[in-house]
Amino acid sequence: MGTDLRIAQAIGTLGCAMAASGIASLSIMSIPNILIPERRPPGATLPFEDTPGTSTAHLTHQWFDLYDRGSKIFPGISAVSSLANLYALWELRDSPTPVLGFFGSNWTTCYLAAVGVTMSIVPFTLTAMKKTNAKLKAHAKRDDAAGAEGTEGMVVSPQEKAKRARDDSEVVELVQHWAKLNLIRAMLPLVGAGIGFYAAVSSWAIP
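Fair warning: this is a prediction, and the values are worked out from it, not measured in the lab. (Residues numbered from 1 in each chain as written. Predicted model: local features only at pLDDT ≥ 70, side-chain atom pairs only at ≥ 80, totals over all residues. Heavy atoms only, no water.)

Participant: What am I meant to see in the overall build of the protein chain here?
Facilitator: Looking only at helices and strands, one finds seven helices and zero strands in the protein chain. Order of helices (α) and strands (β) in the protein chain, N terminus to C terminus: α-α-α-α-α-α-α. Taken across its 207 residues, the protein chain has 38% of its residues classed as buried. Here the analysis covers contacts within the protein chain between residues at least 6 apart in sequence; of these, 80% occur between residues at least 24 apart. Carbon and sulfur atoms form 64% of the exposed surface of the protein chain, whose accessible area is close to 11,500 Å². (Helix = DSSP H or I, 4+ residues; strand = E, 2+ residues; numbered from the N terminus. Buried < 20%, exposed > 50% of the residue type's maximum accessible area, 1.4 Å probe, protein only. Contact = heavy atoms within 4.5 Å. Areas by Shrake-Rupley, 256 points an atom, 1.4 Å probe, with all protein chains shown as cover.)

Below, the structure is given as structure tokens:
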């Protein structure tokens, strides 16, 4: 097998792993950090049960920045790694499949499974995470129009105040829920990396 195939397999496998680790880091490190209270007792673990040391408005703005950056980075990494896997599939199209019984009798099943599960981060985001994303985005942008028009101090009705208070009370729970869904999403490219690595190791037996 040629060097170009090995390079494609490396890009496909490592790219999926990079996307998975980057996405997971948002749930494991970034979200706990923005939810951290102003002061925590020594030895305390994740601050999910504590009161954040920042306002809900700032909290959702921080979340939105993480979301926006991630949406510009991780789908691209996943797409590049998937293209590399498709190239590896093309290179191996006429080669025997020595140990791919788990994925069927050809390379197509194996590599398309890797591509499919990796790129499923997009439909997962648009379906399973849609409602949570929409609520957090709405809260993050709630006062943008007023700020642009210079009406931040305008008088709001009691009903609007009650609604804003309800929205504020949901923010921490929504962010926590988003972190859990995002961790599930990270598993998708991780599975893709595992399949790609399995295929690469299997191809090493081909003369």
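Participant: Help me understand the environment of phenylalanine 74 in this model?
Facilitator: By the element assignment, phenylalanine 74 lies in helix 2 (residues 56-91). When residues no more than four places from it in sequence are discounted, the contact partners of phenylalanine 74 are Ala19, Gly22, Ile23, Leu26 and Ile121.

Participant: Looking at this structure, I do not really get the packing of aromatic side chains. What am I missing?
Facilitator: Here the distance between the centres and the angle between the planes together describe a pair of aromatic rings. Scanning all chains against the criterion turns up five aromatic pairs. A network of ring pairs unites the aromatic residues Trp63, Phe64, Tyr67 and Trp178 as a single cluster. A cation sits over an aromatic face here: arginine 93 above tryptophan 90, 3.8 Å from the ring centre. (Phe/Tyr/Trp six-rings, centres within 6.5 Å; stacked < 30°, edge-to-face > 60°. Lys NZ or Arg CZ within 6 Å of the ring centre and 35° of its normal.)

Participant: What is the right way to read helix 2 from this model?
Facilitator: Owing to its 3.6 residues per turn, the α-helix aligns residues three or four sequence positions apart on the same side. The terminal C-alpha atoms of helix 2, which comprises 36 residues, lie 52 Å apart, in line with the 52 Å expected from a rise of 1.5 Å per residue. Of all bends in helix 2, the biggest is about 30 degrees, found at glycine 70. (Expected span 1.5 Å × (residues − 1). Bend = angle between axes of the 7 residues up to and from the residue.)

Participant: What am I meant to see in the environment of alanine 200 here?
Facilitator: Of note, alanine 200 is situated in helix 7 (residues 158-203). When the C-alpha positions of alanine 200 and glycine 12 are compared, they lie 9.7 Å apart, and in sequence the two are 188 residues distant. When residues no more than four places from it in sequence are discounted, the contact partners of alanine 200 are Arg6, Gln9 and Tyr111.

Participant: I'm lost on the UniProt feature "transmembrane region" (unreviewed entry) in the protein chain in this one. Help?
Facilitator: Listed under "transmembrane region" (unreviewed entry) in the UniProt record, and renumbered for this structure, are residues 6-31, 110-129 and 186-206. Between the first and last C-alpha atoms of residues 6-31 the distance is 36 Å; the span itself is 100% helix and 0% strand. (UniProt positions renumbered as here; feature names shortened; annotations may be inferred.)

Participant: Looking at this model, I keep getting lost on the pattern of salt bridges. Mind explaining?
Facilitator: A side chain of one charge can pair with a side chain of the opposite charge when the charged atoms of the two come close. Taken as a whole and judged by the stated rule, the model has four salt bridges. The residue aspartate 65 makes a salt bridge to arginine 69 at a minimum N-O spacing of 2.7 Å. Of this pair, aspartate 65 and arginine 69 both sit in helix 2, four residues apart, which is roughly one turn of the helix. A relative accessible area of 35% means that aspartate 65 is categorised as partly exposed. Residue arginine 142 is joined to aspartate 168 by a salt bridge in which the shortest nitrogen-to-oxygen separation is 3.1 Å. Residue arginine 142 is found in the loop between helix 5 (130-140) and helix 6 (144-149), and its partner aspartate 168 is found in helix 7; the two are separated by 26 residues along the sequence. Using a relative accessible area of 22% as the deciding quantity, one classes arginine 142 as partly exposed. (Salt bridge = Lys/Arg side-chain N within 4 Å of Asp/Glu carboxyl O.)

Participant: Would you explain the environment of serine 120 in this entry?
Facilitator: For serine 120, the location among the structural elements is in the loop between helix 3 (107-119) and helix 4 (121-127). Relative accessible area serves as the criterion here: at 19%, serine 120 is assigned to the buried category. For the pair serine 120 and glycine 192, spaced 72 residues apart in sequence, the C-alpha to C-alpha distance is 10.0 Å.

Participant: Explain the packing of helix 2 against helix 3 to me, please; I cannot follow it from the model alone.
Facilitator: For any two helices packed against each other, the geometry comes down to the angle between their axes and how far apart the axes lie. Two elements in contact, helix 2 and helix 3, have axes separated by 9 Å at closest approach and are oriented at 175 degrees. In this view, helix 2 runs roughly antiparallel relative to helix 3, as classed from their interaxial angle. Residues Pro75, Ser78, Ala79, Ser81, Ser82, Asn85, Leu86, Ala88 and Leu89 of helix 2 pack against Trp107, Thr108, Tyr111, Leu112, Ala114, Val115, Thr118 and Met119 of helix 3. Class assignment for the residues of the contact of helix 2 with helix 3 results in 11 nonpolar, six polar and no charged. (Axes fitted to C-alpha atoms, helices over the stretch in contact; angles between N-to-C directions. Parallel < 35°, antiparallel > 145°, perpendicular 65-115°, else oblique. Nonpolar A, V, L, I, M, F, W, Y, C, P; charged D, E, K, R; others polar.)

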